[in-house]
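Chain residues, written in single-letter form:
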Amino acid sequence: MCSEYPRWTSLTYYNLGVRGDTSADIAQRWREECLQRLSRGVGRVVFSFGVNDTNLEDGQRRVSLEATEGYARQILTQARESYPVLFIGLPPVADHEHNRRIAVVSGMLNRVAKELEIPYLPVFDLLLRSSVWMEEVGANDGFHPGAAGYTELARLIGSWSDWWF
């Protein structure tokens with residue numbers, strides 16, 4: 001697929017992430033966001049969501065595992081009808097118990113993506129073993145690393161055989 005886009009091709013990237021959004025939120029807005037920016041059949045979409053679903057509010061997950069799976073199926077099925085789609089897996093956070101919930105969702109999303117034949121990059125275990133990622137996440141807000149942590153994630157994505165560019 002990389003041969004479709006020579007290195008000199010001009011690209012425009014849109015990061016449409018909204019801090020705190022869950023899969024339910026993304027299911028509501030992703031299509032309109034893409035329609036405003038991409039022509040049908042032109043463009044590519046990369047998803048990465050699920051960590052916020054696993055956050056606890058009043059002792060309950062913000063979005064149940066079953067609902068996360070349903071939203072993921074809905075989003076990915078609809079997106080692949082119009083665009084080439086990739087899914088970047090869930091990164092770990094600084095909290096061990098939270099990471100246990102994230103690991104379960106990561107595995108489930110990997111399975112869903114495979115069933116839908118959408119490439120999925122499982123970054124959870126790789127970043128959990130990365131001292132750079134984990135140190136930076138812990139030194140920051142517990143969820144987001146600094147530049148070196150994001151460089152580590154970009155390295156994983158850039159070396160992924162399914163990455164387009």
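Residues numbered from 1 in each chain as written. Predicted model: local features only at pLDDT ≥ 70, side-chain atom pairs only at ≥ 80, totals over all residues. Heavy atoms only, no water.

Let us now look at the side chain of Asp 21. Following the sequence through the fold, Asp 21 ends up in the segment before α1 (23-37). At 2.8 Å, the side chain of Asp 21 and the side chain of Arg 29 are in polar contact. For Asp 21, the contacting residues outside a window of four places in its chain are Ile 26, Arg 29 and Asn 52. (Helix = DSSP H or I, 4+ residues; strand = E, 2+ residues; numbered from the N terminus. Polar contact = N/O pair within 3.5 Å; in protein donor to acceptor, adjacent residues only side chain to side chain. Contact = heavy atoms within 4.5 Å.)

Let's shift gears to the side chain of Asp 53. Considering the arrangement of structural elements, one finds Asp 53 in the loop between β1 (45-47) and β2 (56-57). No salt bridge forms around the buried Asp 53; measuring N to O, its nearest opposite-charge neighbour Arg 61 is 5.7 Å away. In this structure the side chain of Asp 53 is engaged in a polar contact, spanning 2.6 Å, whose partner is the side chain of Thr 68. (Buried < 20%, exposed > 50% of the residue type's maximum accessible area, 1.4 Å probe, protein only. Lys, Arg positive; Asp, Glu negative; His and termini not counted. Salt bridge = Lys/Arg side-chain N within 4 Å of Asp/Glu carboxyl O.)

Residue alternation in strand β4 (residues 85-88) divides its side chains into two sets, Val 85 and Phe 87 and Leu 86 and Ile 88, and both sets are buried. With 3 bridges joining them, β1 and β4 adopt parallel strand pairing. The residue bridging Phe 47 from the neighbouring strand is Phe 87, located in β4. In terms of handedness, the path from β4 via helix α3 (residues 96-115) over to strand β5 (residues 120-121) forms a crossover that is right-handed. (Pairing = 2+ DSSP bridges. Right-handed = clockwise from strand over helix to strand, strands pointing away.)

What follows deals with the pattern of salt bridges. Counting across every chain of the model gives 11 salt bridges. For Arg 155, the salt bridge identified is with Glu 152, shortest N-O distance 3.1 Å. Of this pair, Arg 155 and Glu 152 both sit in helix α6 (residues 147-158), 3 residues apart, which is roughly one turn of the helix. Linked by salt bridges that have partners in common, Asp 21, Arg 29, Glu 33 and Arg 37 make up one network.

Bringing the packing of aromatic side chains into the picture now. Inspection of every chain in the model, using the stated rule, returns 6 aromatic pairs. When the centroid spacing of 6.1 Å and the interplanar angle of 25° are considered together, the rings of Trp 163 and Trp 164 count as stacked. The exposure class of Trp 164 is buried, given its relative accessible area of 3%. A network of ring pairs unites the aromatic residues Trp 30, Phe 47, Phe 49, Phe 87 and Tyr 120 as a single cluster. (Phe/Tyr/Trp six-rings, centres within 6.5 Å; stacked < 30°, edge-to-face > 60°.)

In space, the 3 strands of this open sheet follow the order β1-β4-β5, with parallel pairing throughout. Only two strands of the sheet have a single partner each, and these edge strands are β1 and β5. Here 2 bridges tie β4 to β5, and the two strands are oriented parallel to one another. Counted as the bridge partner of Phe 87 is Tyr 120 from β5.

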